[in-house]
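Results of the structural survey
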Amino acid sequence: MATDSPDPAKTAAAKAVPTGTALVETTPVRRLLPVIVPAPAVGIVSALVLLGVSLLAEKLQDLLWGTLPDALSIGRYSALWMIVMLTASGLVVGLLIGTVPGRAGPDPATTGLVDPPLAPGVVPGLLLVTVLTLAGGISLGPENPITAANIALAFWLGRRFAPGTPVALWISLAAAGTIGALFGTPVAAALILSETLASRAQPGALWDRLFGPLAAGTAGALTMTLLAHPGFDLALPAYTRPHWGDLLSAVVIAVAGSLLGLVAVYAFPYAHRAFQALQHPVLALTLGGLLLGLLGALGGRPTLFKGLDEAKELAADPSGWSAGQFAVMAAVKTAALLIAATCGFRGGRIFPAVFVGVALGLCAHALVTSVPVAPAVTCAVLGVLLAVTRQGWLSLFTAAVLVGDAAVLPMLCIASLPAWLLVTGRPQMQLHEDGTPLR
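Quick caveat, the model's predicted, so the values are computed rather than measured. (Residues numbered from 1 in each chain as written. Predicted model: local features only at pLDDT ≥ 70, side-chain atom pairs only at ≥ 80, totals over all residues. Heavy atoms only, no water.)

Structurally, the position occupied by Val 332 is in helix α13 (residues 323–343). On the basis of relative accessibility, which here comes to 3%, the residue Val 332 falls in the buried class. Linking Val 332 and Leu 304, residues 28 residues apart in sequence, is a C-alpha distance of 9.7 Å. Once residues within four sequence positions are removed from consideration, Val 332 is found in contact with Leu 295, Leu 298, Gly 299 and Thr 303. (Helix = DSSP H or I, 4+ residues; strand = E, 2+ residues; numbered from the N terminus. Buried < 20%, exposed > 50% of the residue type's maximum accessible area, 1.4 Å probe, protein only. Contact = heavy atoms within 4.5 Å.)

This is how it looks when you write it as C-alpha cells:
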C-alpha cells in the first residue's frame, strides 16, 4: 500500500526543533521553584537591614537635634545649630570615608539605585556613613546605600550557599526586597524592576523573571509593614470630581516640576567637578555640609533630612505657608539635593525629590487656589521624579501612592506624557566614572 509522502514544511520544522524540546514548557517551573525559599529570605533580611539603619538614624537624630542642643541651651533648629550640625556632619562623614574599608563604596554621584555588588567588607562602613547622613539632616534618602548594602550581602551569602547561581538573581532579589520594604508594597519593586528588565534582552516571559523578585519584594514589604507600618499617604484633601480645566493645570505643573528637576540635572556635573577639585573627601564634605547648613538656615527646618516626614508636614497644612515660602523651600531643597549628591554624602535622591515636588505643587495651589491640592502635588512630584530618576514607573507609582484617590491617576498619566517628552534623551542625575553625564 502506498504511503503518503512527507510534508516538506513539517519535515523542516521537525529538524529545526532540538531533541528534548518536550521539556521546554516545564523548564521555567524547574527554574523558578528553587527560588521560592531564598527569595523571601532575602526580602526579610533586606527589610531588617533597612529597619535597623532607620531606627539607629532616628535615635541619633533625637540626640543630635534634641538632647544635645537642649543641653547646650541652643535652639534645636536655630540657624546657628543647623549650620554647626550640618558642617560637623560633613566633617565626620568625610573622616569616616577616608578611614573605613573601601571608602564606604564608590563615588555616589556615579551610582544608581541598582548596581553591581560591592565587596562585603565595604558594607559596614557604608551603613555607618548612611546612619550619620540620615541623622545629620542631609537632604538624601536611604534607598541607594541600603539597596547597595543588601545586594552585596545577598550576593556574598548566595554565592557561598549556591555557588552556581547567576549574579543577576541575587541583585534582583535584594533590590526587590529593599524597594518593597521602602514603599511598603511589592508592587513598587515589580514596576521598577520590570522597567529595568525590559531594557535587557533576556529569554523567557517577563513574569518568569519577576517571580523571584516579586516574592522577595512581598516578604520585604510584609516585614516592614508588620514591624514599622510605613506610609506614603500625605492625607491630602480628597479629589473626587475631576474637571476638564484640571487637565491643563496638571500638564503645566508636571512640566514645571520636570524643568526644576532638569535644572539640578544639568548643574549636577558642574557641582561634582567643583567638589572633586578639592581633591580630598574631608574638605569636600565639610564644605558641602557648610553649604547645606546655610541652605537649611534659609529654607527652615522642613528642608532638612530626607524629606518624606517633612513633606507630610507641609501637606497637613496647605494654607500654613505662602506661595513664596513654598517656592523658596522647593528651590532650597533642590539645591540641597544637588550639593549633597555631588560632594560625597552617601544617599538616594528619590525622597528629597518627593519633597521638592510637594512644595512645588503646594506653591501652585497657593498661587491659583482653584487648582485642587491633590493633582497639583502629585503632578509636581511626577515631573520632578521623571527628571531626576528617568524612570517612568517609579515616578508614576510614587506620585500615585501619595494620595489615596484613584481619580488622580488619569491626570497623572496625561501629565506624564509632555513631561516625559521634555526629559527623555536628556542627561541623568548620574555620572560615568570619568565625570561625564549618563544618558
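The next subject is the confidence of the model for the chain. Chain-level pLDDT for the chain is 88 on average; 91% of the residues reach the 70-or-more range. For the stretch residues 1–26, pLDDT sits under 50, and the model shows one contact to residues farther than four places along the chain or on other chains. (pLDDT = per-residue confidence, 0-100.)

On to the nonpolar core, then. Nonpolar side chains in soluble globular proteins tend to end up buried together. Membership of the largest hydrophobic core comes to 134 residues, with the highest contact counts inside it found for Trp 65, Phe 183, Leu 292, Phe 345, Val 358, Val 377 and Val 381. The element contributing the most residues to this core is helix α15 (residues 373–389), with 13 residues. (Core = buried A, V, L, I, M, F, W, Y, C linked by side-chain atoms within 4.5 Å.)

All right, on to the side chain of Ser 249 then. If you trace the backbone, Ser 249 turns up in helix α10 (residues 244–276). A polar contact of 2.9 Å, which involves the side chain of Ser 249, links it to the backbone oxygen of Asp 246. (Polar contact = N/O pair within 3.5 Å; in protein donor to acceptor, adjacent residues only side chain to side chain.)

Scanning the entire structure with this criterion turns up two salt bridges. As a salt-bridge pair, Glu 313 and Arg 301 come within 2.6 Å of each other at their nearest N and O atoms. A residue pair is termed long-range when its members are at least 10 positions apart, and Glu 313 in helix α12 (residues 308–316) and Arg 301 in the loop between α11 (281–299) and α12 qualify at twelve residues. Take Glu 313: its relative accessible area is 28%, and that puts it in the partly exposed class. (Salt bridge = Lys/Arg side-chain N within 4 Å of Asp/Glu carboxyl O.)

Here helix α7 (residues 167–183) contains 17 residues, and its C-alpha end-to-end distance of 25 Å stays within 8% of the 24 Å for a straight helix at 1.5 Å per residue. With 14 of its 17 residues buried, α7 lies for the most part within the structure. Gly 184, located one to two residues past α7, shows a positive phi value of around 75 degrees. (Expected span 1.5 Å × (residues − 1).)

With that settled, consider the packing of helix α3 (residues 38–71) against helix α6 (residues 143–161). When two helices pack together, their arrangement is given by the angle between the helix axes and the distance between those axes. Between α3 and α6, the least distance of the axes is 10 Å, while the angle of their chain directions is 140 degrees. In terms of orientation, α3 and α6 fall into the oblique class. The chirality of how α3 crosses α6 is right-handed. Facing Val 42, Val 45, Ser 46, Val 49, Leu 50 and Val 53 of α3, the residues of α6 in contact are Ile 146, Asn 150, Leu 153 and Ala 154. Along the lines of polarity and charge, the residues of the contact of α3 with α6 split into eight nonpolar, two polar and no charged. (Axes fitted to C-alpha atoms, helices over the stretch in contact; angles between N-to-C directions. Parallel < 35°, antiparallel > 145°, perpendicular 65-115°, else oblique. Left-handed = near helix turned anticlockwise from the far one by under 90°. Nonpolar A, V, L, I, M, F, W, Y, C, P; charged D, E, K, R; others polar.)

Along the chain, Arg 390 turns up in the loop between α15 and α16 (392–401). We classify Arg 390 as buried; its relative accessible area is 11%. A polar contact of 3.3 Å, which involves the side chain of Arg 390, links it to the backbone oxygen of Val 423. Separated by 2.7 Å, the side chain of Arg 390 and the backbone oxygen of Arg 426 make a polar contact.

Note that Val 252 resides in helix α10. Classification of Val 252 by relative accessible area gives partly exposed; the value is 48%. Counting along the chain gives 38 residues from Val 252 to Leu 290, while the straight-line C-alpha distance between them is 35 Å.

Right, let's talk about the packing of aromatic side chains for a bit. Inspection of every chain in the model, using the stated rule, returns six aromatic pairs. Three or more aromatic residues link up through ring pairs in this structure, and these residues are Phe 183, Phe 232, Phe 351 and Phe 397. Over the aromatic face of Phe 355 sits the side chain of Lys 333, whose NZ or CZ is 5.3 Å from the ring centroid. (Phe/Tyr/Trp six-rings, centres within 6.5 Å; stacked < 30°, edge-to-face > 60°. Lys NZ or Arg CZ within 6 Å of the ring centre and 35° of its normal.)

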